[in-house]
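# Chains, contacts and geometry: an overview
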Amino acid sequence: MPDFAIGESDFVLDGRPLQIISGALHYFRMHPDCWADRIEKARLMGLNTIETYVPWNLHSPRPGVFDTSGMLDLGRFLREVAAAGLYAIVRPGPYICAELDNGGLPAWLFRDDHAGVRRYEPTFMSAVTQYLQDVLEIVRPLQIDQGGPVLLVQVENEYGAFGDDQTYLKALAEVIRNAGATVPLVTVDQPTDSMLAAGGLDGVLRTASFGSRVTSRLETLRKHQPTGPLMCMEFWDGWFDYWGGRHHTTSAADAAAELDTLLAAGASVNIYMFHGGTNFGLSSGANDKGVYRATVTSYDYDAPLDEAGNPTEKFHAFREVISRYAPVPDAVPASKPAAPGFTVGLSDPVGLLPGFGGPWTEHQELPTLDDLDARLGIFRTELRQGGPALLTFGEVRDRVQVLLDGAPVGILERERHERAIMLPHTRGRLELVVEDQGRVNYGPRIGEPKGLIGPVRVGTEELTGWTACGVDLERVPQLWQSAGPTPSALGIGPTAWRATFETDGESDLFLRTDAWGKGYAWINGFCLGRYWRRGPQETLYVPAPLLEPGANNLVVLELEVLETPTATFTGSPRLGYTDL
């Protein structure tokens, strides 16, 4: 079996120095039938290694569950990396950030007030031990000394930006070792003295994350890692987008120059991202540094491969740089031809408020979305006061639509710090549609409850006596089985629409959303993710493996008003309001 180790100044494979030239590919952000294509393109760019995070929250949506089906089949992904002749790096966290919902930490962890998340505390350590054992059950036989591709396993993730509990880090490393990790372990932190000191662990290789100022960053890393190879575990080559912001791009030439400096210094690298992929479903997270900003569905990241897996200017610039330090295959991947566009009509509208059958539960005080185990909730109570009054909330997390007797009153948004709205009258049925737009993935607000927080008051009177329904979004494509069309609901509250369209089942598509308001879309029962007229994202990526030759089904849940009940598909993405 191959022998891989950490040497005095290099990684050493079978007695020879190995410069790791890796790229990040997140298996959970791609359709599994796209994995082989993206891995092969990584090889053609000159990469010798593929890195991936492991998302605890996606694998374990509930305690005692570890799902490895479909897009979560880590074992299959690593075997496909090996089949391409590449190595692998596995980073299971437990915290991964990654602009993922809750930074990859399951929401159920935070429902126990006594759990000490990301520190040495019995409740958390019990949960994380089971999680890491589940991960290593898959990774253990796929390590390089067992004939597999895995070279390195990471302990935690940028822990120095969060805490300095060395007992916790040592315990995590011990759990990983006891679960069967025999390859070298690593940590990663931003290259500052304080973070490298707090997040590092003696006996575990320290690596760093940065995207510029390579020489000074490596000097800082070397101070804290006197021997062993230098490695940038996250070489940031782009950035992510948030709703209402601009589409981020970075200079291919500048990024390539920094990569050249890094490789010329003899350092190993993991390019973050080689291919970003897509935050399918409700997996995208958010940031809150004083203002809440929800991450968009696309994780294009301005990477060497775009969201649909086509090579970009960065691919060719990075490939040329890598060719100076390592063999690069002669073949160069071409972009896939764009499919022709087409438009179909949306029909059979079903109002969510009258059409969703529950279950409904009764509560004296308004429950949170966490109490309902839901990402979208409907809350109702009866008002009996009479005249106009101010409706106030302690805090809105993250968006609430207010309706009175079925008529819309207005919308309050967390990012605008809105907490109050004037009701035109206070007699009748008050309905609140509350949306979780993504859990914060970085900083002190990770794990906070979602929904409407604190007392809800009309004037000075606290409202009580609620009925509530957590909307199971997976059931939305089946709404028509239990409720007929409700034309009277058009434009009043959330409404589901559907359409059937024909494809060859072989070409990627992009579903245009710029003519719609805010909501979610499904193709053949698979949730593509969120859309929002606010931009910068104006399409949802539809990978070809989701499509069938012949008839396909589209379902849209529009939370605002669908002014144009049509759906347009194109062969090109639309980010940053660029022309198609």
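Figured I'd write up the structure that's included with this text. Model, not experiment: these values are computed from the prediction.

### Focus: the pattern of salt bridges
Summed over the entire model, instances satisfying the criterion amount to 39 salt bridges. One salt bridge connects R375 with D436, and the closest N-O pair in it is separated by 2.6 Å. Remark: D436 occurs in the loop between β22 (426-435) and β23 (451-458) and R375 occurs in the loop between α11 (369-372) and β17 (376-386); sequence separation between them is 61 residues. Residue R399 pairs with E560 through a salt bridge whose shortest N-O separation is 2.4 Å. Taken together, the positions of R399 in strand β19 (residues 399-404) and E560 in the loop between β31 (550-558) and β32 (566-570) put the pair 161 residues apart, joining distant regions of the chain. Several salt bridges share partner residues, and in doing so they unite D101, D288, R375, E395, R397, D398, R414, D436, R445, E448 and K450 into one network.

### Considerations on the nonpolar core
The biggest cluster of nonpolar side chains holds 113 residues, and the ones touching the most others in it are F77 and L152. A total of ten residues in this core trace back to one element, the largest contributor, which is helix α4 (residues 122-139). Apart from residues lying up to four places away in sequence, F77 is in contact with L25, Y27, M30, W35, I39, I50 and T52. Counting residues in each nonpolar core, the second largest holds 25 residues, with L366, L369, A389 and W466 among its members.

### Description of the sheet that holds β22
Sheet architecture is open: six strands sit in the order β16-β25-β17-β22-β19-β20, paired in antiparallel fashion. Each end of this open sheet is capped by a strand with a single partner; those strands are β16 (361-363) and β20 (407-413). Looking at each pair of strands side by side, their axes are set apart by 25° on average, direction ignored. Strand direction decides the pairing type here: β16 and strand β25 (residues 466-470), joined by three bridges, are antiparallel. Its bridge partner lying in β25, T361 is registered against A468.

### Thoughts on the sheet that holds strand β14 (residues 342-345)
Ordered by their spatial adjacency, four strands build an open sheet running β14-β32-β27-β30, and the pairing between neighbours is antiparallel. Unpaired on one side and paired on the other, β14 and β30 (539-542) mark the two borders of the sheet. Sheet twist, expressed as the mean angle between neighbouring strand axes with direction ignored, is 25°.

### Concerning the pairing of strand β21 (residues 420-423)
On β21, burial follows the alternation: I421 and L423 on one face are buried, whereas A420 and M422 on the facing-out side are not. Looking at chain direction, strand β18 (residues 389-397) and β21 are connected through four bridges and run antiparallel. Pairing of A389 across the sheet is with L423, part of β21.

### Notes on the packing of α4 against helix α5 (residues 166-178)
Two elements in contact, α4 and α5, have axes separated by 9 Å at closest approach and are oriented at 35°. The two elements α4 and α5 meet at a crossing, and its hand is right-handed. Contacts between α4 and α5 involve F124, M125, V128, T129, L132 and L136 on the former and, on the latter, Y168, A171, L172, V175 and I176. Among the residues forming the contact of α4 with α5, the class breakdown is ten nonpolar, one polar and no charged.

Cut-offs applied
- Residues numbered from 1 in each chain as written.
- Predicted model: local features only at pLDDT ≥ 70, side-chain atom pairs only at ≥ 80, totals over all residues.
- Heavy atoms only, no water.
- Salt bridge = Lys/Arg side-chain N within 4 Å of Asp/Glu carboxyl O.
- Helix = DSSP H or I, 4+ residues; strand = E, 2+ residues; numbered from the N terminus.
- Core = buried A, V, L, I, M, F, W, Y, C linked by side-chain atoms within 4.5 Å.
- Buried < 20%, exposed > 50% of the residue type's maximum accessible area, 1.4 Å probe, protein only.
- Contact = heavy atoms within 4.5 Å.
- Pairing = 2+ DSSP bridges.
- Axes fitted to C-alpha atoms, helices over the stretch in contact; angles between N-to-C directions.
- Left-handed = near helix turned anticlockwise from the far one by under 90°.
- Nonpolar A, V, L, I, M, F, W, Y, C, P; charged D, E, K, R; others polar.

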